[in-house]
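Residues per chain are reported as follows:
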Amino acid sequence: MENYLPVTEPLFILAIVVVTALAFDFTNGFHDTANAMATSIATGALRPKIAVALSAVLNLVGAFLSIEVALTVSNKVVAIQGENGAPVPELMGTPILTIVFAGLVGGILWNLATWLLGLPSSSSHALFGGLIGAAIASLGLGGVKWDGVASSVIIPAVAAPVVAGLVAAVGTKVIYALVAKVPEERRDRSFRWGQIGSASLVSLAHGTNDAQKTMGVITLALIAYGSWTNVEAIPFWVKAACALAIASGTYTGGWRVIRTLGKGLVEIHSPQGMAAEASSAAIILSSSHLGMALSTTHVATGSILGTGLGKKGAEVRWAVAGRMAVAWVITLPAAAVVGALCWALANALGGTLGVSVVFLILLVSAGAIFRHSRKTAVTANNVNHEWQGGLAPAADVAARQTVNA
Amino acid sequence: MDIVTKALDALWQVALAGVLLGAGLPALFALGVRSLNTNRVVAVGGGDATSVPSAAGRAGAVLCFTVCALAVLFGIVVIVFGKQLFGG
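The structure presented is a predicted model; accordingly, all values stated were derived computationally and were not measured. (Residues numbered from 1 in each chain as written. Chains lettered and ligands numbered in written order. Predicted model: local features only at pLDDT ≥ 70, side-chain atom pairs only at ≥ 80, totals over all residues.)

A. Here's a closer look at the overall build of chain A. When you go through chain A residue by residue, the secondary structure sums to 14 helices and 0 strands. What you see in chain A, going N to C, is helices and strands ordered as α-α-α-α-α-α-α-α-α-α-α-α-α-α. Taking 22 Å as the expected radius of gyration for a compact globule of 405 residues, we find that chain A reaches 21 Å, a close match to that expectation. When the backbone C-alpha atoms are referred to their principal axes, chain A occupies close to 75 × 55 × 35 Å. Buried positions account for 60% of the 405 residues belonging to chain A. (Helix = DSSP H or I, 4+ residues; strand = E, 2+ residues; numbered from the N terminus. Rg over C-alpha atoms; globule rule 2.2 N^0.38 Å. Buried ≥ 20, exposed ≤ 12 C-beta atoms within 10 Å, placed from the backbone.)

B. Spotlight on the interface of chain A and chain B. Facing the 43 residues of chain A at the interface are 33 residues of chain B. Within the residue set of the side of chain A that touches chain B, elements represented by two or more residues are α2 (48-65), α6 (146-178), α7 (184-225) and α10 (270-289) of chain A. Here the side of chain A that touches chain B gets 13 residues from one element, more than from any other, and that element is α6(A). For the side of chain A that touches chain B, the class distribution of residues is 27 nonpolar, 12 polar and 4 charged. (Contact = placed C-beta atoms within 7 Å. Nonpolar A, V, L, I, M, F, W, Y, C, P; charged D, E, K, R; others polar.)

C. Focus on the nonpolar core. With 155 residues, the main nonpolar core has Phe101(A) and Ala221(A) as its most contacted residues. The residues contacting Ala221(A), other than those within four sequence positions of it, are Leu14(A), Val17(A), Val18(A), Leu97(A) and Val100(A). (Core = buried A, V, L, I, M, F, W, Y, C linked by C-beta atoms within 7 Å.)

D. Representation of the packing of helix α5 (residues 123-139) of chain A against helix α12 (residues 318-349) of chain A. Residues and elements named next belong to chain A. Interaxial distance between α5 and α12 falls to 6 Å at its minimum, and their mutual angle equals 45°. In terms of orientation, α5 lies oblique with respect to α12. Viewed along their axes, α5 and α12 form a crossing whose handedness is right-handed. Looking at the contact of α5 with α12 residue by residue, the classes come out as 18 nonpolar, 8 polar and no charged. (Axes fitted to C-alpha atoms, helices over the stretch in contact; angles between N-to-C directions. Parallel < 35°, antiparallel > 145°, perpendicular 65-115°, else oblique. Left-handed = near helix turned anticlockwise from the far one by under 90°.)

E. Spotlight on the environment of Ala27(B). On the secondary structure map, Ala27(B) appears in helix α1 (residues 2-36). A tally of 21 C-beta atoms within 10 Å means that Ala27(B) is categorised as buried. On a C-alpha basis, the gap between Ala27(B) and Pro53(B) in space is 20 Å, while along the polypeptide they are 26 residues apart. Filtering out sequence-adjacent residues up to four positions away, Ala27(B) remains in contact with Gly171(A), Val174(A), Ile175(A) and Leu178(A).

Here you go:
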């Protein structure tokens, strides 16, 4: 069938990889809007639409600000690149493109599945998982850098929520002690400003950290294809495309995850919201400069949990926290399984056909997940409805039961 | 084992920076809010709702909020130029 294509096989696969990478970047954006904005939306510091718009703009700016070359991101966990980040010579062309493609599909499908369940989960873990699965399927266990998995995935995942929770709990305790005598209404009004400032910083940091990952993946694909050779720089169009993808994803607002983080985990008041976002911002920024990049999602969730623990009488819903913990543990293996299956299928069918079929499966699955999500749609209008034991806003549940009766 | 030692080493620094900046700055902000609301001046005939911050209270608050704002600017500098400043 290759004869009928106006392009060569590697170019066709490259195009699919780029589109898939941008789609991953988009899911990365809407999955993570909650990390920065859930608390501001929950306390009413920002109206939902304004919050996601602000976060989107800051992600866009952040993505352009990133100057680090991110070829190292995938190089931490899978052995498909040499020391300078360039692909291993024997994998140049279709082999590495197929591995990266399968990994991205694993990451996207896991991001969509957790979004459907309203669970925050790390997009980096999803991407790492997908790549690890695809690498194992194609290269065997030796295709994975297990040291890197321990130091860049497992240890940070355990550490992040603990450190973030601790910092946010301390911050919350101190804040409430200091403003104990301030009337509640005046107190909350002031802290809403603090919330907006700290949440903005988290959004900006997210844009720089996360958009970079996709830029790195696309650049890697370009090098594997042979149209880019510089391992020290990223083509401008890649930067611009990734910035736009993550920003538009952010603007779409993963309302389901926002609802879980803002309303489900802890009932949040503005001082807690500021404590949580300030803790997140400080930890994300300091960790990425101390050589231990922590997942924005793990940090933000830990901070919100901590702010619930730090305030006397605040309700922390451990059942929700438990579901998140389970999702975190299975993120990497689940994405890895999908990544491995996609690679196996693409490889079995071979070349253009294999990649096309997997891409089609991705489109169909994404469509099915989206359709399913409409049954309990969470939108800007009902994201703040009272939490009554589940993601679906109460009014909607009642309406559905009436229909079914 | 080396990985764990290295991780713990980075971790306590992250925790320290987190407590200083992530908990310290909100605390400073809280101090500003408190200052804004201590010894408020109540207008003649008005209730608490019409009260305004005292001059000293306002000055203290401005100081606290300014330091917080500077810290945010510092954060932005770290985001943009961090790798040059602190190495990767």
